[in-house]
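Survey of secondary and tertiary structure
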Amino acid sequence: MADKPLWTQYDVRLDFTTELCGSVPGDPDLIKKWLEARKPRVRPPGGKSIDEINAEVLASLDEEPIEVSILVFQHDNENGGHIVTRPNTLRSHMKDCARVISTYYTGKVEGEKSLAAKIKNCAYLDDSLYWITILRPDGTKILEPDGAIQKPIHVTDARGRPMNALKKFEYIRPARIDFTLKILGGVVSLKDLNTLFMVGGTHGYAGERSAGMGKYTFEIKEREDG
């Protein structure tokens, strides 16, 4: 009997039907706070420090100083400066959607792992890529966002007093993202992955999801070569 393959691999394509929005603070003073809020409680062996990641994020942003607080895209400045995203943001998106499905749709059968647990523990993106390139629908790389949206928001200061502010974020439209998804032991079926991305396409990816941004359609196909 042949050994069971370690990985089942899928080619995934997301085609965004609404604006794809930047979600990295463009203000250097905010980047460290943004990273601090997202750092793990325990630094993994060999993991980068917040200062090291802060320097890396700054290097991936446009060189011109930004005078206002704005959420932006990162750029692969070592390879032409095209706009990119981190693979772990897509994995986080998948985990978020899997938790919603497990909690409100499928539930959990006693003795069987939930979809949320399977995605968390057994779903990975191509580990050979440091960045994933954001593309136009025809596969063209994107050097600059299509513009920036500015809108008023209501916030509170340190004393809890209400204040008015302006929120600004870069966007791209149309946009597409391609990536390879690896499932350990094939424990997540193609049917369940289709359900996951159907929910994800409605939920939205990246910034301004509550405003209807980041929605997508998708294609997913199992690789014949595994």
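Further up the page is the structure itself.
First, a word on scope: everything that follows refers to the structure included in this document. (Residues numbered from 1 in each chain as written. Predicted model: local features only at pLDDT ≥ 70, side-chain atom pairs only at ≥ 80, totals over all residues. Heavy atoms only, no water.)

1. Digging into the overall build of the protein
Where we set the bar: Secondary structure elements are taken from DSSP: a helix is a run of H or I of four residues or more, a strand is a run of E of two residues or more, and numbering for both begins at the N terminus. Only protein chains enter the accessibility calculation, which uses a 1.4 Å probe; a residue whose area is less than 20% of its type maximum is buried, one above 50% is exposed, and one in between is partly exposed. By definition in these notes, contact holds between two residues if any of their heavy atoms fall within 4.5 Å. Note on areas: Shrake-Rupley, 1.4 Å probe, and residue coverage restricted to the protein chains presented here.
If you tally the helices and strands in the protein, you get five helices and 12 strands. Burial statistics for the protein: of 226 residues in total, 40% are counted as buried. Considering only contacts within the protein whose residues lie at least 6 apart along the sequence, 72% involve residues at least 24 apart. When the accessible surface of the protein is totalled, it reaches about 13800 Å², and 52% of it is carbon and sulfur.

2. Let's talk about the packing of aromatic side chains
Definition in use: Two aromatic rings, drawn from Phe, Tyr or Trp (for Trp, its six-membered ring), form a pair once their centres lie within 6.5 Å of each other, and the interplanar angle then sorts them: stacked below 30 degrees, edge-to-face above 60, tilted otherwise. Only Lys NZ and Arg CZ are tested; either one counts as a charge over a ring when it is within 6 Å of the ring centre and within 35 degrees of the ring normal.
Tallied over the full model, the rule gives six aromatic pairs. Here the aromatic rings of Tyr130 and Trp131 are separated by 5.2 Å at their centres, their planes lie at 85 degrees, and the arrangement is edge-to-face. The exposure class assigned to Tyr130 is partly exposed, which follows from its relative accessible area of 42%. Between Phe197 and Phe218, the ring centres sit 5.8 Å apart and the planes meet at 40 degrees, which makes this aromatic pair tilted. Taken together, the residues span a long stretch of sequence, with Phe197 in helix H5 (residues 190-203) and Phe218 in strand S12 (residues 216-222) at a distance of 21 residues. For the pair Phe197 and Phe218, a shared accessibility class is recorded, and that class is buried. Put simply, the rings of Phe16, Tyr205 and Tyr216 pair up and form one aromatic cluster. Looking at Arg91, its charged tip hangs above the ring of Tyr124, at a distance of 4.7 Å from the centre. A cation sits over an aromatic face here: Lys182 above Trp7, 4.7 Å from the ring centre.

3. Concerning the nonpolar core
What counts, and what does not: Only buried residues count toward a nonpolar core. Its members are Ala, Val, Leu, Ile, Met, Phe, Trp, Tyr and Cys residues joined through side-chain atoms within 4.5 Å.
Within the largest apolar cluster, 35 residues are counted, with the highest numbers of intra-cluster contacts made by Phe179, Leu181 and Phe197. Among the secondary structure elements, those contributing two or more residues to this core are strand S1 (7-16), helix H3 (87-106), helix H4 (115-122), strand S7 (123-125), strand S8 (132-135), strand S11 (175-184), H5 and S12.

4. Things to note about the environment of Glu208
Residue placement: Glu208 occurs in the loop between H5 and S12. Looking at Glu208, the relative accessible area reads 9%, which means it is buried. Sequence separation of Glu208 and Leu20 is 188 residues, and the distance between their C-alpha atoms is 8.6 Å. Not counting chain neighbours up to four residues away, the residues in contact with Glu208 comprise Cys21, Lys151, Lys167, Phe169 and Met213.

5. Details of the side chain of Thr8
Here Thr8 is to be found in strand S1. Ignoring anything within four residues of it in the chain, the contact list for Thr8 reads Leu181, Lys182, Ile183, Gly186 and Glu222.

6. Points about the pairing of strand S6 (residues 82-85)
Worth spelling out the cut-off: At least two bridges found by DSSP between two strands is the condition for calling them paired.
Neither face of S6 is exposed, since His82 and Val84 on one face and Ile83 and Thr85 on the opposite face are all buried. Between strand S5 (residues 74-76) and S6, which pair antiparallel in sequence order, lie five residues; one of them, Gly80, sits at a positive phi of approximately 100 degrees. In the sheet, S6 pairs with S8 via two bridges, with the strands oriented antiparallel. By the bridge assignment for S8, Thr85 is matched with Ile132.

7. A short note on the environment of Pro152
Mapped onto the elements of the fold, Pro152 is located in strand S9 (residues 147-156). For Pro152, a relative accessible area of 66% corresponds to the exposed category. Placed 14 residues apart in sequence, Pro152 and Leu166 show a C-alpha to C-alpha distance of 4.5 Å. With sequence-adjacent residues up to four places away left out, Pro152 is seen in contact with Ala165 and Leu166.

8. Observations regarding the packing of H3 against H4
Any two packed helices are characterised by how steeply their axes cross, that is the angle between the axes, and by the distance between the axes. Our working definition: Axes here refer to lines fitted to C-alpha atoms; in helices the fit is confined to the stretch in contact. Angles between the N-to-C directions go from 0 to 180 degrees. Roughly parallel means an angle under 35 degrees; roughly antiparallel, over 145; roughly perpendicular, 65 to 115; everything else is oblique. Definitions for this section: a left-handed crossing has its near helix turned counterclockwise from the far helix by less than a right angle. A right-handed crossing has that turn clockwise. For this scheme, ten residues count as nonpolar: Ala, Val, Leu, Ile, Met, Phe, Trp, Tyr, Cys and Pro. Four count as charged, namely Asp, Glu, Lys and Arg, and the remainder, Gly too, count as polar.
The N-to-C vectors of H3 and H4 enclose an angle of 160 degrees; their axes lie 7 Å apart at closest approach. Classified by the interaxial angle, the pair formed by H3 and H4 is roughly antiparallel. H3 and H4 meet at a crossing whose hand is left-handed. Along its contact with H3, which presents Arg91, Met94, Lys95, Ala98, Arg99, Ile101 and Ser102, the element H4 presents Leu115, Ala116, Ile119 and Lys120. Residue composition of the contact of H3 with H4, grouped by class: six nonpolar, one polar and four charged.

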